[in-house]
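Architecture at a glance
In case you want the letters, here they are:
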Amino acid sequence: TVDGITYLSKHIERKKSFKGVCVSKCLAYVGIDPSQYQSTWTDRTGNNATHGILRRFGFAVRSRKSYIPKRATVGGIRKSIQKLNDPKGTVYFVSVNSHLLALDQDGKTVIDTAPRKRDSRRVVDIKAVFRK
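An account of the accompanying structure is given in this report. Treat the numbers as computed from the prediction; the structure is a model and nothing was measured.

The pairing of strands in a sheet happens through backbone hydrogen bonds and is either parallel or antiparallel. Taken together, the 5 strands give an open sheet; going across it, the order is β4-β8-β5-β6-β7, and neighbouring strands pair in antiparallel fashion. Two strands close off the open sheet at either side, each with one partner strand: β4 (59-63) and β7 (109-111). Averaged over all pairs of adjacent strands, the angle between strand axes in this sheet comes to 35 degrees, irrespective of strand direction. Two strands pair when backbone bridges link them, and β4 and strand β8 (residues 125-131) are joined in this way by 5 bridges, in the antiparallel orientation. Its bridge partner being in β8, F59 is matched across the sheet by R131. Contacting β5 (91-96), β6 (99-103) and β7, helix α1 (residues 21-29) crosses the sheet at an angle of about 25 degrees to β6.

Structure representation (structure tokens):
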């Protein structure tokens, strides 16, 4: 559990949708239980299913990709995150190849189901997640 919220211990794969461990743990970190949504990825929406889940539970989701350097790594974006002027308590959902992790406003990793000592994974996307 993360702060009393359970998350998936293994992936749930269906014919046209998917509920992933890393996404469920990130969503649990902001207080959303896996029983409250159907899937985190579908053939129709791709990874945008996660954004819909967050918005449905009262979160704002904003892209921060333009604020980070091109071809940045997870380790390399930590200082860029510290410079952002987002509301207090913002969590950053960082997408890397086939994985999602969460960083806090200081750029520290708060959720990562596949942690690295020196994180050189390329950032595909980054979203600021905060209460409206």
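Moving on, we come to the packing of aromatic side chains. Under the counting rule described, the total for this entry stands at 0 aromatic pairs. Across from the ring centre of F59, 4.0 Å away, lies the NZ or CZ of R131, which sits over that ring.

This part takes up the pairing of β8. The element β8 is largely enclosed, with a buried count of 6 among its 7 residues. Across 5 bridges, the pairing between β5 and β8 is antiparallel. Residue pairing for β8: Y92 is matched across the bridge by A128.

This part covers the environment of K117. By secondary structure assignment, the location of K117 is in the loop between β7 and β8. Given the relative accessible area of 87%, K117 is considered exposed. When the C-alpha atoms of K117 and G75 are compared, they prove to be 9.6 Å apart, with 42 residues separating the residues in sequence.

This part takes up the pattern of salt bridges. Here the structure, examined in full by the defined rule, presents 4 salt bridges. The closest approach of N and O atoms between D112 and R121, which form a salt bridge, is 2.6 Å. In this structure D112 comes out as buried when scored by relative accessible area, which is 13%. A salt bridge links K127 to D125; the shortest N-O distance between them is 3.2 Å. Residue class for D125 comes out buried when judged on its relative accessible area of 18%. Within the structure, one salt-bridge network assembled from shared partners comprises D112, D119 and R121.

Procedures and definitions
- Residues numbered from 1 in each chain as written.
- Predicted model: local features only at pLDDT ≥ 70, side-chain atom pairs only at ≥ 80, totals over all residues.
- Heavy atoms only, no water.
- Pairing = 2+ DSSP bridges.
- Helix = DSSP H or I, 4+ residues; strand = E, 2+ residues; numbered from the N terminus.
- Axes fitted to C-alpha atoms, helices over the stretch in contact; angles between N-to-C directions.
- Contact = heavy atoms within 4.5 Å.
- Phe/Tyr/Trp six-rings, centres within 6.5 Å; stacked < 30°, edge-to-face > 60°.
- Lys NZ or Arg CZ within 6 Å of the ring centre and 35° of its normal.
- Buried < 20%, exposed > 50% of the residue type's maximum accessible area, 1.4 Å probe, protein only.
- Salt bridge = Lys/Arg side-chain N within 4 Å of Asp/Glu carboxyl O.

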